[in-house]
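Architecture at a glance
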Amino acid sequence: MIRMLTAYTKELDDIDAACNEIVEQLDLDRNRRKNSVGLITCDSEFIESGVVEALCKRFDFDTVGITTRGTAVNGQVGFDLLSIAVLTSDDVRFSAVMSDPILIDNIDAPIEAAYRKGIAAYKNEKPSLILVYPPLLQKIGNGRLLMPLKRINGDDIPVFGTLSCDTTPDFSSCRSIYNGTAVFNTFGMVFLFGEVRPQFFRISISPRNVQKQYAVVTDAEGFVVKTINDIPFSRYLQRLGFTPENFGNLYLVPFVVSLNNSNLVSSISCSNYSVTEEGYGIFGEEIPVGSTITLGELDTADVLKTTKEIVTCIANLYEKDTENASCALMYSCLSRGVIVGSDYFAELNVVSDTIANGIPFQCCYSGGEICPVPDKAGNMINITHNLTFIACVFT
């Protein structure tokens, strides 16, 4: 069984005080089990101030993490938080690694090498679950970063996690964290070995907010959609009412896609990252020819409604039987926070208020969500998402 210990601090200026606050809340001497790993989320200022590095030196277990735009951890919500969730267990074992830097012309090798290092910790035993924390690299889609793992394992091992993000307009301070070191283009992974039984949840848009005018992808290559209904992607956008001047804001528009090659039980929500000079659309997930695509509308009311639905389900699961829901990791697309607008923490407050003193959890905003989705045969397929709230509940 996996337990989660959580702690937080808002202290930026006094490094010792920040570290002491975290250590006291965790009370590791009394609460930890045989095996542990730490998951950190924070604003980039905690890295620049030296708090993250100093804190990680206090632990005798590995820590992996990301920068984020906002965090909710049991009892607290805010921009200005450093949170840590320590997963600890007597029977589940953990192996944490960080890849070498990832470049446009060198994506696969660093990720594959990190994978091999992670499983070597337990003599190449097959892990039960991989938690992943890739970097947010705007010229490399989040789905592209998952491809090396899919090539190695297919979908035999579930993969769950989030890309980094930050509070800057251009995401220039995004960092991945490993044992106190923070780098912008490295890929963190935590391998879980043993009897792990995760339950996955996801939600994006209410069905009533999905348009019924479906189109068909007629030419595509990997993450690039070239034509829809035999016309260039850019012209398809213009027929929907978009102009080239607002193509740059398409990341806030949910494209609801039924993937032709996956046989998934439901559609997924994808973001368009950019439109090329040729008029092609770059997406976060591979969209093969024959897939159907339409638009969704995600507004403040629907963000809060869908988040409430999924978190209520998790809270009820925990209340029914704590053995069936010991703790939860939750990630929400940063675009959902942008859509909410001036009341930026409204969604995170829904999470915190709904769970209240219930299941231990860590939740933060995400630069891209990675969560398995079942196909019609009941198999779990590792998929990247956008504009989506995802959760992994440990049982």
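Note: the structure precedes this text.
Residues numbered from 1 in each chain as written. Predicted model: local features only at pLDDT ≥ 70, side-chain atom pairs only at ≥ 80, totals over all residues. Heavy atoms only, no water.

1. A word on the packing of aromatic side chains
How we decide: Between rings of Phe, Tyr and Trp, where Trp is taken as its six-membered ring, a pair exists when centres lie within 6.5 Å; planes separated by under 30 degrees are stacked, by over 60 edge-to-face, and by other angles tilted. Only Lys NZ and Arg CZ are tested; either one counts as a charge over a ring when it is within 6 Å of the ring centre and within 35 degrees of the ring normal.
One pass over the full model with this rule turns up 14 aromatic pairs. One aromatic cluster is present, built from ring pairs that chain together Phe-79, Tyr-344, Phe-345 and Tyr-365. One residue, Arg-93, lies across the ring of Tyr-122, its end atom 4.9 Å from the ring centre.

2. A few points about the nonpolar core
The test is simple: For our purposes a nonpolar core is just a set of buried Ala, Val, Leu, Ile, Met, Phe, Trp, Tyr and Cys residues, chained together by side-chain atoms within 4.5 Å. Each residue gets one of three labels from its accessible area relative to the maximum for its type: buried under 20%, exposed over 50%, partly exposed in between, using a 1.4 Å probe on protein chains only. Whether two residues are in contact is decided by their heavy atoms: any pair within 4.5 Å suffices.
Membership of the largest hydrophobic core comes to 50 residues, with the highest contact counts inside it found for Leu-149, Met-189 and Met-330. In this structure Met-330 touches Val-311, Ile-314, Val-351, Ile-355, Phe-361, Gln-362, Cys-363, Cys-364, Phe-389, Ile-390 and Ala-391, once residues within four positions along its chain are discounted. Met-4, Leu-131, Leu-192 and Val-196 belong to the second largest nonpolar core, which has 27 residues in total.

3. With respect to helix α8 (residues 300-320)
The condition is simple: By the criteria applied, helices consist of DSSP H or I runs no shorter than four residues and strands consist of E runs no shorter than two, each listed in order from the N terminus. Helix span, expected: 1.5 Å multiplied by one less than the number of residues in the helix.
Across its 21 residues, α8 extends 30 Å between first and last C-alpha, which sits within 8% of the 30 Å expected from 1.5 Å per residue. Those residues of α8 that are buried are in contact with β13 (198-203), β22 (327-333), α9 (334-340), α10 (346-355) and β26 (389-394).

4. Considering the pairing of strand β17 (residues 255-258)
Side-chain direction in a regular strand flips from residue to residue, so the side chains alternate between the two faces of the sheet. Rule in force here: At least two DSSP bridges between two strands are needed for those strands to be called paired.
Relative to strand β18 (residues 268-270), β17 runs antiparallel, the two sharing three bridges. Residue pairing in the sheet places Phe-255 in a bridge with Cys-270 of β18. Two strands pair when backbone bridges link them, and β17 and strand β21 (residues 292-295) are joined in this way by four bridges, in the antiparallel orientation. Along β21, the bridge assignment pairs Val-257 with Ile-293.

5. Considerations on the pairing of strand β3 (residues 63-67)
Burial runs high along β3: five of the five residues are buried. Side chains Thr-63, Gly-65 and Thr-67 project from β3 onto one buried face, and the interleaved Val-64 and Ile-66 project onto a second face that is buried too. With five bridges connecting them, strand β2 (residues 35-42) and β3 associate as parallel partners. Note that in β3 the partner of Leu-39 across the bridge is Val-64. Bridge count for β3 against strand β10 (residues 176-178) is three bridges, and the pairing is antiparallel. In the sheet register, Val-64 faces β10, and the bridge partner there is Tyr-178.

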